[in-house]
Amino acid sequence: MEMLGVKSVGLSLCLEKGLPLGSGLGSSAASAAAAAIAVNELFGGKLDVSDLVVAGLVSEATVSGYHADNIAPAIMGGFVLIQNYNPLNTMRLPFPSEKDLFFVLVSPEFEAPTEKMRAVLPAEITMKEHIWNSSQAGALVAGILQGDLEALGLAISSDMIVEPNQNKEA
């Protein structure tokens, strides 16, 4: 509302969603995206997509930190690369439409809030881990742009830092 210049209106939104709170599945970003889009439409739809991402990002920051990894794709759709935060620079990565890509959502039976989950990540990583994960990030982007489902799946499942596969050696 602040970005729209609306100052003298009270507003209450009610959102129903099928994702549990604290699921680690981006549910707070989905809520922030829905609110940003709804408020924008209620007051004339003046904000463009990048402004909506910023509005959602600011809202999301109060719940789970200032990160656009979920809010940007929730608003922009598809795969989105976050290149920079100051200033925010996002890039939508086109995926070939003739390829069939399906996502399976698994809802955990326990709470996994982003802040708590990020707190268990290592404070430092080795150069080997950094190089490996950087190459997998590049392979992920290449897999998306080329529509290579095998490369995409391999890159997603080859993390050495956040979800390391103990049975695999880089």
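Source: prediction; values computed, not measured.

1. Some words on the environment of V141
Next up, step 1: The residue V141 is located in helix α5 (residues 127–146) in this model.
Next up, step 2: A relative accessible area of 21% places V141 in the partly exposed class.
Next up, step 3: As for V141 and F79, which are separated by 62 residues in sequence, their C-alpha atoms are 9.1 Å apart.

2. Points about the nonpolar core
Next up, step 1: Of all hydrophobic cores here, the largest spans 16 residues; its most connected members are L4, L52, A68, I71, A72 and I75.
Next up, step 2: Within the residue set of this core, elements represented by two or more residues are α1 (27–42), α2 (49–64) and α3 (71–76).
Next up, step 3: The greatest single-element share of this core, amounting to 5 residues, is contributed by α1.
Next up, step 4: Apart from the residues within four sequence positions on either side, L52 is in contact with A36, I37, N40, L47 and I75.

3. Observations regarding α5
Next up, step 1: With 20 residues, α5 should reach 28 Å at 1.5 Å per residue; the first-to-last C-alpha distance of 28 Å fits that figure.
Next up, step 2: Turning to α5, its buried residues number three or more, namely E129, N133, Q136, G143 and I144. Taken end-on, α5 shows its buried residues confined to a sector of 95 degrees, consistent with a single buried face. For α5, exposure combined with an orientation more than 90 degrees from the buried face picks out M127, I131 and Q146.
Next up, step 3: Where α5 is buried, its residues meet β1 (79–85), β2 (88–93) and α6 (149–156).
Next up, step 4: Where α5 terminates, the next one or two residues include G147, which has phi positive at roughly 70 degrees.

4. Considerations on the layout of surface pockets
Next up, step 1: Considered as a void within the structure, the largest pocket measures approximately 2,400 Å³ in volume.
Next up, step 2: What lines the largest pocket is a set of 42 residues, among which D69, N70, R118, L140 and I156 lie closest to the centre.
Next up, step 3: Looking at the lining of the largest pocket, the elements with two or more residues in it are α1, α3, β1, α4 (114–119), α5 and α6.
Next up, step 4: In terms of residue count, α5 provides more of the lining of the largest pocket than any other element does, 6 residues in total.
Next up, step 5: Here the residues of the lining of the largest pocket are counted per class, giving 27 nonpolar, 11 polar and 4 charged.

5. Considerations on the environment of L105
Next up, step 1: When you line up the elements, L105 lands in the loop between β2 and α4.
Next up, step 2: Sequence separation between L105 and L25 is 80 residues, and the spatial gap between their C-alpha atoms is 8.4 Å.
Next up, step 3: Among residues more than four places away in sequence, those in contact with L105 are L19 and L25.

Rules behind the numbers
Residues numbered from 1 in each chain as written. Predicted model: local features only at pLDDT ≥ 70, side-chain atom pairs only at ≥ 80, totals over all residues. Heavy atoms only, no water. Helix = DSSP H or I, 4+ residues; strand = E, 2+ residues; numbered from the N terminus. Buried < 20%, exposed > 50% of the residue type's maximum accessible area, 1.4 Å probe, protein only. Core = buried A, V, L, I, M, F, W, Y, C linked by side-chain atoms within 4.5 Å. Contact = heavy atoms within 4.5 Å. Expected span 1.5 Å × (residues − 1). Arc of directions from axis to C-beta. 1 Å grid on protein atoms, 1.4 Å probe; cavity = no way out; pocket = protein on both sides within 12 Å on 5 of 7 lines; lining within 4 Å. Points joined across faces, edges and corners; volume = space filled by probe spheres on them. Nonpolar A, V, L, I, M, F, W, Y, C, P; charged D, E, K, R; others polar.

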